[in-house]
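Take a look at the letters that make up each chain.
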Amino acid sequence: MSKTKLTINRNGSIKIEGDFKITDCEGKTYGLEGRTALGLCRCGLSANKPFCDGSHRNGFEHESAAFDLPPVKTK
């Protein structure tokens, strides 16, 4: 499997590119019809969740800036 890249867009969707599949909570796979790039909704306003339909343009704001997570806690 090739690498998959996720880009957190400023004031918008999460762009996913590469070789991937998307499943629902029951493990059923969404039919992506050969797409190798698409946008995932991040604002919660899309009528086509989990996919972005551009509804964020009506006021969703979030400046994306990368940061480091704290180390994973050991058990």
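The notes below deal with the structure included here. If you're wondering where the values come from, they're calculated on a predicted model, not measured in any experiment.

### Considerations on the pairing of strand E1 (residues 4-8)
So, step 1. Where E1 meets strand E2 (residues 14-18), five bridges bridge the pair, whose relative direction is antiparallel. Bridging across to E2, Lys-5 finds its partner in Glu-17.
So, step 2. The turn joining E1 and E2, which pair antiparallel and follow one another in sequence, is formed by five residues; a positive phi near 55° is taken by Asn-11.

### Comments concerning the pattern of salt bridges
Where charged atoms from two side chains of opposite charge come close, those side chains can pair.
So, step 1. Counted according to the given criterion, the structure contains three salt bridges.
So, step 2. The closest approach of N and O atoms between Lys-28 and Glu-26, which form a salt bridge, is 3.3 Å.
So, step 3. A relative accessible area of 52% places Lys-28 in the exposed class.

### Observations concerning the side chain of Ser-46
So, step 1. Within the secondary structure, Ser-46 is located in the segment after strand E3 (37-40).
So, step 2. For Ser-46, a relative accessible area of 4% puts it in the buried group.
So, step 3. A distance of 2.6 Å separates the side chain of Ser-46 from the backbone oxygen of Phe-51, its partner in a polar contact.
So, step 4. Setting aside chain neighbours within four positions, we find Ser-46 in contact with Cys-41, Phe-51, Cys-52, Asp-53 and Ser-55.

### Some points on the nonpolar core
Nonpolar side chains tend to gather and get buried jointly when the protein is soluble and globular.
So, step 1. Of all hydrophobic cores here, the largest spans seven residues; its members are Ile-16, Phe-20, Ile-22, Leu-32, Leu-38, Leu-40 and Phe-51.
So, step 2. Excluding its chain neighbours within four sequence positions, the residues that come into contact with Leu-40 are Ser-13, Ile-14, Ile-16, Ile-22, Pro-50, Phe-51 and Cys-52.

### Describing unusual backbone geometry
So, step 1. Here Lys-49 and Pro-50 are connected by a cis peptide whose omega angle stands at 10°.
So, step 2. Relative to the assigned elements, Pro-50 resides in the segment after E3.
So, step 3. The phi dihedral of Glu-33 falls on the positive side, at around 50°, and the residue is not glycine.
So, step 4. Examined against the element boundaries, Glu-33 turns out to sit in the loop between E2 and E3.
So, step 5. Look at Glu-33 and you get exposed, because its relative accessible area is 69%.

### With respect to the sheet that holds E1
So, step 1. Taken in spatial order, the three strands make up an open sheet running E1-E2-E3, and their pairing is antiparallel. Both outer strands of the open sheet, E1 and E3, are each paired with one neighbouring strand and no more. Strand after strand, the sheet turns through a mean of 20° between neighbouring axes, direction not considered.

Reading the values: rules and limits
- Here the residue index of a chain counts from 1 through its sequence in written order.
- Under the rules for a predicted model, residues below a pLDDT of 70 receive no local features and side-chain atom pairs below 80 are neither given nor counted, while totals for whole chains, interfaces and linings still include all residues.
- The basis for every side-chain value is the complete set of heavy atoms in the structure, and neither hydrogens nor water enter the calculation.
- Strand pairing is assigned whenever DSSP identifies at least 2 bridges connecting the two strands.
- Numbering of helices and strands runs from the N terminus; a helix is a DSSP stretch of H or I covering at least four residues, while a strand is a stretch of E covering at least two.
- When a carboxyl oxygen of Asp or Glu is within 4 Å of a side-chain nitrogen of Lys or Arg, the pair counts as a salt bridge.
- Categorising residues by exposure relies on relative accessible area from a 1.4 Å probe, with only protein chains included: less than 20% of the type maximum marks a residue as buried, more than 50% marks it as exposed, and the intermediate range marks it as partly exposed.
- Two N or O atoms form a polar contact when they lie within 3.5 Å of each other; inside protein one atom must be a possible hydrogen donor and the other a possible acceptor, and for residues adjacent in sequence the pair counts only when both atoms belong to side chains.
- Whether two residues touch is decided by their heavy atoms; if any such pair falls within 4.5 Å, the residues are in contact.
- Buried Ala, Val, Leu, Ile, Met, Phe, Trp, Tyr and Cys residues form a nonpolar core when they are joined through side-chain atoms within 4.5 Å.
- All axes are obtained by fitting lines to C-alpha atoms, using only the stretch in contact for helices, and the reported angles, taken between N-to-C directions, cover 0 to 180 degrees.

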